[in-house]
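# A closer look at the structure
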Amino acid sequence: MVGIEVDRRTFLKATAVGAASLLVPGDPGYAATASKVIWSLPTSKTQRFAWTVDDGVSSRAVTDYLKFSSRYDLKFTFFVTSCYQTWQENKAGIAAGLASGRIQLGNHSHTHKNWTHLTEKLIRQDLMGCHNRMLDMFGYDMRPYFRPPYGLYNDQVLAVAAAEGYTKPMMWNGSLADSGSTNEKALIRNAKTWIGSGRIVIDHANSTFTADHFSDVLNVVRSRGLSTVTLREVFG
Ligand SMILES: [Zn+2]
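Below or above, wherever it landed, is the structure these notes cover.

Definitions and cut-offs
Residues numbered from 1 in each chain as written. Predicted model: local features only at pLDDT ≥ 70, side-chain atom pairs only at ≥ 80, totals over all residues. Heavy atoms only, no water. Helix = DSSP H or I, 4+ residues; strand = E, 2+ residues; numbered from the N terminus. Buried < 20%, exposed > 50% of the residue type's maximum accessible area, 1.4 Å probe, protein only. Contact = heavy atoms within 4.5 Å. Polar contact = N/O pair within 3.5 Å; in protein donor to acceptor, adjacent residues only side chain to side chain. Donors = N, O, S within 2.8 Å, 3.2 Å for Na, K, Ca; no water. Axes fitted to C-alpha atoms, helices over the stretch in contact; angles between N-to-C directions. Parallel < 35°, antiparallel > 145°, perpendicular 65-115°, else oblique. Left-handed = near helix turned anticlockwise from the far one by under 90°. Nonpolar A, V, L, I, M, F, W, Y, C, P; charged D, E, K, R; others polar. Disulfide = S-S within 2.5 Å. Pairing = 2+ DSSP bridges. Core = buried A, V, L, I, M, F, W, Y, C linked by side-chain atoms within 4.5 Å. Salt bridge = Lys/Arg side-chain N within 4 Å of Asp/Glu carboxyl O.

Here we take up the environment of Y166. Relative to the assigned elements, Y166 resides in the loop between helix 7 (155-163) and strand 5 (168-169). In this structure Y166 comes out as buried when scored by relative accessible area, which is 0%. For the pair Y166 and M142, spaced 24 residues apart in the sequence, the C-alpha separation amounts to 8.4 Å. Setting aside residues no more than four positions away along its own chain, Y166 makes contact with N107, L127, M128, H131, M142, R143, P144, Y145, F146 and A161. Polar side-chain contacts of Y166 include one of 2.6 Å to the side chain of H131.

Here it is as structure tokens:
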């Protein structure tokens, strides 16, 4: 699953605009669905960006992000893939982060399958598997925020999610490209390129790579006078 995401990040870099949907202008349903998908923050006088952290293969990375959040007063939105032990292992830290308002959770599926290849029933199962686990664990309802695995969606994906109350599909328009074949130099370059006001930046908690070089990334944030926001505080 990580391999495909690396491919998407390579693509993201190549296109320099953000994730692509499977729908393109001219496809049936394009206008209807494209309007619902969110790619960036609305303009604001405040210099701010949303730092989103996907998946959660690395429990230690999530522990580190939670630590950074309280130490530096940073806000993160985790797009949770719930099959990992990470969430149980960080239960106390996440509960505290949710209570403080610095942490938001969004639905990123239970098993990270490509939903565009699944039946309605299986999409719903993967979506609500994640939903029910976070609800049980934290008493926290992630709706309406979700990010389909790999950022891939079609009309069916959006319709199934919307029917369950997941009406805000969140994409991104900047990436730290923090794992895979990248290195420290690339991470800093990506941070400088993509961390900016109005951006939704995608990062991953699949290794401790970003966490291990956190001060470099934080320097970019600070030097630009940016604050961090959760998606919920911007989009309600
Ligand atoms: Zn993912």
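Read on, since the account is not over.
The next thing to look at is the coordination of the zinc ion. Protein-derived ligands of the zinc ion are D55 (OD), H108 (NE2) and H112 (NE2), with the metal-ligand distances lying across 2.0 to 2.1 Å. On the primary sequence, the residues serving as donors to the zinc ion are separated as D-x52-H-x3-H. With a gap of 57 residues between them, D55 in strand 1 (residues 48-55) and H112 in the loop between strand 3 (103-107) and helix 6 (120-138) connect regions that are remote in the sequence. With respect to class, D55 is no different from H112; both count as buried.

Glancing now at the environment of Y145. Looking at the element boundaries, Y145 is found in strand 4 (residues 145-146). It is 5.0 Å that separates the C-alpha atoms of Y145 and K168, two residues lying 23 residues apart in sequence. Excluding residues within four positions of it along the chain, Y145 makes contact with F79, Q104, G106, N107, Y166, K168, M170, L231, R232, F235 and G236.

Running from N to C, helix 8 (residues 184-194) and helix 10 (residues 214-223) cross one another at 20 degrees; their axes reach a closest spacing of 9 Å. As summarised for this structure, helix 8 and helix 10 are arranged roughly parallel, according to the angle between their axes. Considering only the axes of helix 8 and helix 10, their crossing is right-handed. Of the residues in helix 10, those in contact with E184, L187, I188, A191 and K192 of helix 8 are D216, V217 and V220. Considered class by class, the residues forming the contact of helix 8 with helix 10 number five nonpolar, no polar and three charged.

Another point: the state of the cysteines. Inspection of the entire model under this criterion finds zero disulfides. A disulfide-free cysteine, C130 has its sulfur positioned 9.2 Å from the sulfur of C83, the nearest such atom.

What follows is about the pairing of strand 3. Regular strands place their side chains on alternate faces of the sheet. Most of strand 3 is tucked away, with five of its five residues classed as buried. Bridge count for strand 2 (residues 76-80) against strand 3 is five bridges, and the pairing is parallel. Within the sheet, the bridge partner assigned to F79 lies in strand 3 and is G106.

Core analysis: the largest hydrophobic core is formed by 63 residues, its most contacted members being W51, Y65, F78, L105 and I195. Beyond its immediate chain neighbours, meaning those up to four positions away, I195 contacts F49, L176, N190, V201, V217, V220, V221, R224 and L226.

To continue, consider the pairing of strand 7 (residues 200-204). For strand 7, the tally of buried residues reaches five of five residues, placing the bulk of the element in the interior. Covered by surrounding structure in strand 7 are I200, I202 and H204 together with V201 and D203, the residues of both alternating faces. Pairing of strand 1 with strand 7 involves five bridges; the strand directions are parallel. If you follow A50 over to strand 7, its bridge partner there is I200.

Residue P144 is reached from R143 by a cis peptide bond, and omega for that bond is 5 degrees. With respect to the helices and strands, the residue P144 is situated in the loop between helix 6 and strand 4. With a phi close to 60 degrees, H112 is a non-glycine residue in the positive phi region. According to the relative accessible area criterion, H112 is buried, its value standing at 2%. Of note in the backbone geometry, Y150 takes a positive phi value of approximately 65 degrees without being a glycine. On the secondary structure map, Y150 appears in the loop between strand 4 and helix 7.

Here we take up the pattern of salt bridges. The full count for this structure, using the stated rule, is seven salt bridges. Taking the shortest distance from any N to any O, the salt bridge between R147 and D54 comes out at 2.8 Å. You can see R147 sitting in the loop between strand 4 and helix 7 and its partner D54 sitting in strand 1, a full 93 residues away along the chain. Exposure remark for D54: the relative accessible area of 1% places this residue in the buried category. Across the pair R60 and D64 runs a salt bridge, and its minimum N-O distance is 3.8 Å. In this pair, R60 and D64 both sit in helix 3 (residues 59-72), four residues apart, roughly one turn of the helix. Among the ionic contacts, a cluster of salt bridges with common partners joins R60, D64 and K67.

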